[in-house]
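Observations on the model geometry
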Amino acid sequence: MTLTIFLSILALHFVAAMSPGPSFVVSVRTAASEGFRPAGGLAVAFGLGAVIWAMAAMFGLALMFEVVPRAYVAFKVAGGLFLAWIGYKTIRHARDPLPDVVTLATPRSLGNAVRLGLFTQLANPKPAIFFGAVFAGLIPQGTPLPVLAALLFFVFVNETMWYVFVALVFSRKKARTAYGRAKLWTDRILGGMIAAFGLKIATT
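Quick caveat, the model's predicted, so the values are computed rather than measured.

1. So, helix H10 (residues 183-203)
If you check H10, its first and last C-alpha atoms are 29 Å apart, about what 21 residues at 1.5 Å a residue would give, namely 30 Å. The set of residues buried in H10 consists of Lys-183, Asp-187, Leu-190, Gly-191, Ile-194, Ala-195, Gly-198, Ile-201 and Ala-202. Along the long axis of H10, the arc covered by the buried residues comes to 135°, so they all point the same way. When the buried face of H10 is taken as reference, the exposed residues oriented beyond 90 degrees from it are Trp-185, Ile-189, Lys-200 and Thr-203. Looking at the buried positions of H10, the neighbouring elements they touch are helix H2 (22-34), helix H5 (69-92) and helix H9 (173-181).

Take a look at the structure:
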């Protein structure tokens, strides 16, 4: 594998990571409502989830989805329903008051944030298709394992650093203040978006 191909794969993944989706919406909502620490836990989990999907693509999961379409449908429906449930919970708790910044030690435990982030990332099987297409088209056969391991490492860095940036931006005091003023409708809109993403994944 040439350095150009290696960097091209990472560039494609970074653009994909930045594209709005359920992970982005969950990250924004968590950072604004709960602060940086839980949103940072989400960022790490999103990175781990991306690595899991990338490894699955390396081992042929995307091909299995093509050969056994029912498996892909089952993944989509289960994942989509999970995201829809997150959206429902967000809407249901839209009226809950925003935790005070002074007492914002750990509204959500770090472990809980990591689990939420991992489940959110794995609920969407489309990254497996993305990585499958990119890897099949760009990774030469016989690529050494250390190179593949380096690729997975930078996939993790790409995904995690993007969501750390999102967490930093939306956990700032100004962002939290603006969010607190419009929490009711913001949560309803964000929850609706998450639910819509879930239903779209489950039905398309």
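2. Quick notes on H5
An ideal rise of 1.5 Å per residue puts 34 Å on 24 residues; H5 measures up with 34 Å between its terminal C-alpha atoms. All of the buried residues in H5 are Ala-71, Tyr-72, Lys-76, Gly-79, Gly-80, Leu-83, Ala-84, Ile-86, Gly-87 and Thr-90.

3. Some words on the pattern of salt bridges
For the structure shown, the criterion picks out 1 salt bridge. Across the pair Arg-29 and Asp-187 runs a salt bridge whose closest N-O atoms are separated by 2.9 Å. Within this pair, whereas Arg-29 is found in helix H2, its partner Asp-187 is found in helix H10, the two being separated by 158 residues in sequence. Pair check on accessibility: Arg-29 and Asp-187 agree, each one buried.

4. Section: the packing of H2 against helix H8 (residues 145-170)
Interaxial distance between H2 and H8 falls to 8 Å at its minimum, and their mutual angle equals 35°. For the element pair H2 and H8, the recorded crossing hand is right-handed. Side by side, H2 and H8 meet where Ser-23, Phe-24, Ser-27, Val-28, Ala-31 and Ala-32 of the first sit next to Trp-162, Tyr-163, Val-166, Ala-167 and Phe-170 of the second. Looking at the contact of H2 with H8, its residues break down into 9 nonpolar, 2 polar and no charged.

About the thresholds
Residues numbered from 1 in each chain as written. Predicted model: local features only at pLDDT ≥ 70, side-chain atom pairs only at ≥ 80, totals over all residues. Heavy atoms only, no water. Helix = DSSP H or I, 4+ residues; strand = E, 2+ residues; numbered from the N terminus. Expected span 1.5 Å × (residues − 1). Buried < 20%, exposed > 50% of the residue type's maximum accessible area, 1.4 Å probe, protein only. Arc of directions from axis to C-beta. Contact = heavy atoms within 4.5 Å. Salt bridge = Lys/Arg side-chain N within 4 Å of Asp/Glu carboxyl O. Axes fitted to C-alpha atoms, helices over the stretch in contact; angles between N-to-C directions. Left-handed = near helix turned anticlockwise from the far one by under 90°. Nonpolar A, V, L, I, M, F, W, Y, C, P; charged D, E, K, R; others polar.

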